[in-house]
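# Structural overview for review
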Amino acid sequence: MNPASDFVMVANRLPVSRDDEADRWVTSPGGLVSALVPILTAREGAWIGWTGAPDDAPPPFEHDGMRLIPVPLTAEELESYYLGFCNNTLWPLYHNAIRTPAYHRHWWRPYQAVNARFAEAVAETLNPGGTAWVHDYQLQLVPGSLRSLRPEVTIGFFLHIPFPPVELFAYLPWRTSVLRGLLGSDVLAFQTEQSVTNFRDAALRYAGATEPPGREGELEFEGRRVRLQWAPISVDADAFESAAGRPAVIDSAERLRERIRPARKLMLGVDRLDYTKGIDHRLRAVQTFHERHPEAARDTVLLQLAVPSREEVIQYAEQRERVERLVGQINGEHGDPGYTPVVYMYRHLGFEELVAAYLAADVMLVTPLADGMNLVAKEYIASRTSDDGLLVLSEFAGAAAELKEALLVNPLDLDGLAETLLYAVTISREASASRMRPLRQTVREYDVYRWSRNCLEALES
Ligand code: ADP
Ligand code: G6P
């Protein structure tokens, strides 16, 4: 029996990871966790999720003031539920099918089984009349299952990735079950207005939901009201801004700049190595930049930081090879003993190292082909301590709806992106400040704390 709570956060992963050497749990970095720790602590809430290791189900434990309830996943479920259905079916389908999604019944059944297990764990944990806040594409069936087990509780769901256009979603053989699962929620929140519209269209067409007259932003499903919310997630802007003001961070930003001399401008990319992030297209645009404008390009260095991700999935291994081949090509074609056009690092960086890179960068390149939000774009802006620096942002990132003063690009237009790079590295200080000033204002005003307040208010009103 799990310890009872009035508020339960539910996500595929727990907000901790295991440091086996030190024999302890470490809180995961990131704004979502920072925003939720105080909420969980104040409400004596619990977080239900997987530890990140197969067949690992320690009993519930406390960490950093949070009550954590592990849900076990077997090694087979990691193959079928996580690598298969989550990362080979849903992830590519929801990201505009930029890789071909695979549909297998032997992945769907474990997805159902794992979702049912999560729902049972929530049902066991939640006090009568309590609130569950379920997150992301791994757990879309949890609201529906939980609704059957505990009809009286309040259920919120937040999708961190895009909800695809109905024409694409229609391909999913289990589309109606997924919609019914999501429609178990009281409030369903999405990163963009486009995702809200896409979901509404799919729910009307494939799940028999209806739109109650005169009540915009709501659906009716099985006699209940389901509210649809646009709630773009954000970052802990204060944490980035204050880290960027610390002497040690300023020093490492300075050292980084000195090391890349004699180049004049530092361009930066920071991504999980995922094929949605468009790292390969970005590199090809940089290659084009060097071919078309060799003098201006030679005054730049691209620092590309890539964090390893889902390495067991074949498309990720292929993407890594593609990226590393391109880095080698560009450096081979345009570098010399005194000049390396692209510096590439494939590893996880510490928080302060990351902020130092943001602080040192003259131009930040965020060019995904599809992305729910893209927090890196907001982290870069939050780390600026003055109005210099420029953000080149894909129009296909959710963040583009809010960060309108960025230089918006179509990352597939390699010639256009190369010309944008030329513009970005030659723009006047005043012109770049007139873009950065309002961006900093936006990110400061709408931070992750405001996002979580908005979501919880919608859920509890
Ligand atoms: P996604 O959720 O798809 O990974 P986001 O841009 O929304 O994309 O979030 C990525 C997170 O991962 C950011 O918080 C970013 O700081 C972090 N991150 C990305 N690359 C690195 C890296 N090389 N080292 C450390 N953190 C990284
Ligand atoms: C994205 C997803 C998250 C996921 C994260 C890391 O941000 O929206 O749900 O946790 O990527 O991916 P992973 O597969 O390692 O959990």
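Right, let's get into the overall build of the protein chain. Helix and strand counts for the protein chain come out as 17 helices and 17 strands. The globule rule puts the C-alpha radius of gyration for 461 residues at 23 Å, and the 23 Å found for the protein chain is close to it. By the burial criterion, 58% of the 461 residues in the protein chain qualify as buried. Across the protein chain, contacts joining residues at least 24 apart in sequence account for 74% of those joining residues at least 6 apart. Only carbon and sulfur atoms are counted for the fraction: they give 48% of the accessible area of the protein chain, which is about 18700 Å².

The next point concerns the site of ligand 1. The environment of ligand 1 is formed by 15 residues, the closest being Arg272, Lys277, Leu349, Leu375 and Glu379. Protein contacts shield 80% of the accessible area of ligand 1, which totals 560 Å² for the unbound molecule. Those elements that place two or more of their residues in the shell around ligand 1 are β12 (265–272), β13 (300–307), α13 (351–360) and α14 (375–383). Its residues assigned to classes, the shell around ligand 1 comprises 8 nonpolar, 2 polar and 5 charged.

Below, the discussion takes up the domain arrangement of the protein chain. Taken domain by domain, the protein chain holds domain 1 (5–233 + 449–460) and domain 2 (237–445). Tallying the contact residues gives 20 residues for domain 1 and 21 residues for domain 2. The largest contributions to the domain 1 side of the interface with domain 2 come from Trp91, Ile98 and Arg99, which together make up 33% of the buried area. Counting every contact that joins domain 1 to domain 2 gives 0 salt bridges. Inspection of the domain 1/domain 2 interface yields 8 residue pairs in polar contact (both at pLDDT 80 or more). Of all the elements, helix α2 (residues 75–94) adds the most residues to the side of domain 1 that touches domain 2, at 6 residues. In terms of residue class, the side of domain 1 that touches domain 2 is made up of 10 nonpolar, 8 polar and 2 charged.

Here we take up the packing of aromatic side chains. Aromatic ring pairs are described here by two measures, namely the spacing of the ring centres and the angle between the planes. The final tally for this structure, using the stated rule, is 21 aromatic pairs. Both rings, one in Phe158 and one in Trp451, keep their centres 5.1 Å apart while their planes meet at 75°; by these two values the pair is edge-to-face. Of this pair, Phe158 sits in strand β8 (residues 154–158) while Trp451 sits in helix α17 (residues 448–460); the two residues are 293 residues apart in sequence, bridging distant segments of the chain. Look at Phe158 and you get buried, because its relative accessible area is 0%. Overall, the relative accessible area of 0% leaves Trp451 in the buried class. Every member of this aromatic cluster is reached through a ring pair, and the members are Tyr81, Phe85, Trp108, Tyr111 and Trp174. The aromatic ring of Trp25 is capped on one face by Arg18, whose charged end is 5.0 Å from the ring centroid. Between Arg43 and the ring centre of Phe7, over which it is positioned, the NZ or CZ distance is 5.0 Å.

Quick look at the nonpolar core now. Counting 74 residues, the largest nonpolar core has Trp133, Leu391 and Leu393 as its most contacted members. Per-element accounting of this core gives the leading share, 7 residues, to α13. Core analysis: the second largest hydrophobic core is formed by 67 residues, Ala121, Leu139, Ala170 and Leu179 among them.

Ligand 2 sits among Arg13, Tyr82, Asp136, Tyr137, Gln138, His160, Ile161, Arg272 and Arg310. Within the side chain of Arg13, a nitrogen or oxygen atom sits 2.7 Å from an oxygen atom of ligand 2. Separating an oxygen atom of ligand 2 from a side-chain N or O atom of Asp136 is a distance of 2.5 Å. Here ligand 2, which alone exposes 370 Å², has 70% of that area covered by the protein.

Close approach of charged atoms allows side chains of opposite charge to pair. Scanning the entire structure with this criterion turns up 30 salt bridges. Notably, a salt bridge pairs Arg150 with Glu152, separated by 2.8 Å at the nearest N-O pair. Given the relative accessible area of 41%, Glu152 is considered partly exposed. We note a salt bridge from Glu222 to Arg180, for which the minimum N-O separation is 2.5 Å. Of this pair, Glu222 sits in the loop between β10 (218–221) and β11 (224–230) while Arg180 sits in helix α6 (residues 175–182), placing them 42 residues apart in sequence. Here Arg180 falls in the partly exposed class, since its relative accessible area comes to 38%. Several salt bridges share partner residues, and in doing so they unite Arg215, Glu218, Glu220 and Arg225 into one network.

Calculation notes
- Residues numbered from 1 in each chain as written.
- Chains lettered and ligands numbered in written order.
- Predicted model: local features only at pLDDT ≥ 70, side-chain atom pairs only at ≥ 80, totals over all residues.
- Heavy atoms only, no water.
- Helix = DSSP H or I, 4+ residues; strand = E, 2+ residues; numbered from the N terminus.
- Rg over C-alpha atoms; globule rule 2.2 N^0.38 Å.
- Buried < 20%, exposed > 50% of the residue type's maximum accessible area, 1.4 Å probe, protein only.
- Contact = heavy atoms within 4.5 Å.
- Areas by Shrake-Rupley, 256 points an atom, 1.4 Å probe, with all protein chains shown as cover.
- Near = heavy atom within 4 Å.
- Nonpolar A, V, L, I, M, F, W, Y, C, P; charged D, E, K, R; others polar.
- Domains from an automatic or database assignment.
- Buried area = accessible area lost by both parts, 1.4 Å probe.
- Salt bridge = Lys/Arg side-chain N within 4 Å of Asp/Glu carboxyl O.
- Polar contact = N/O pair within 3.5 Å; in protein donor to acceptor, adjacent residues only side chain to side chain.
- Phe/Tyr/Trp six-rings, centres within 6.5 Å; stacked < 30°, edge-to-face > 60°.
- Lys NZ or Arg CZ within 6 Å of the ring centre and 35° of its normal.
- Core = buried A, V, L, I, M, F, W, Y, C linked by side-chain atoms within 4.5 Å.

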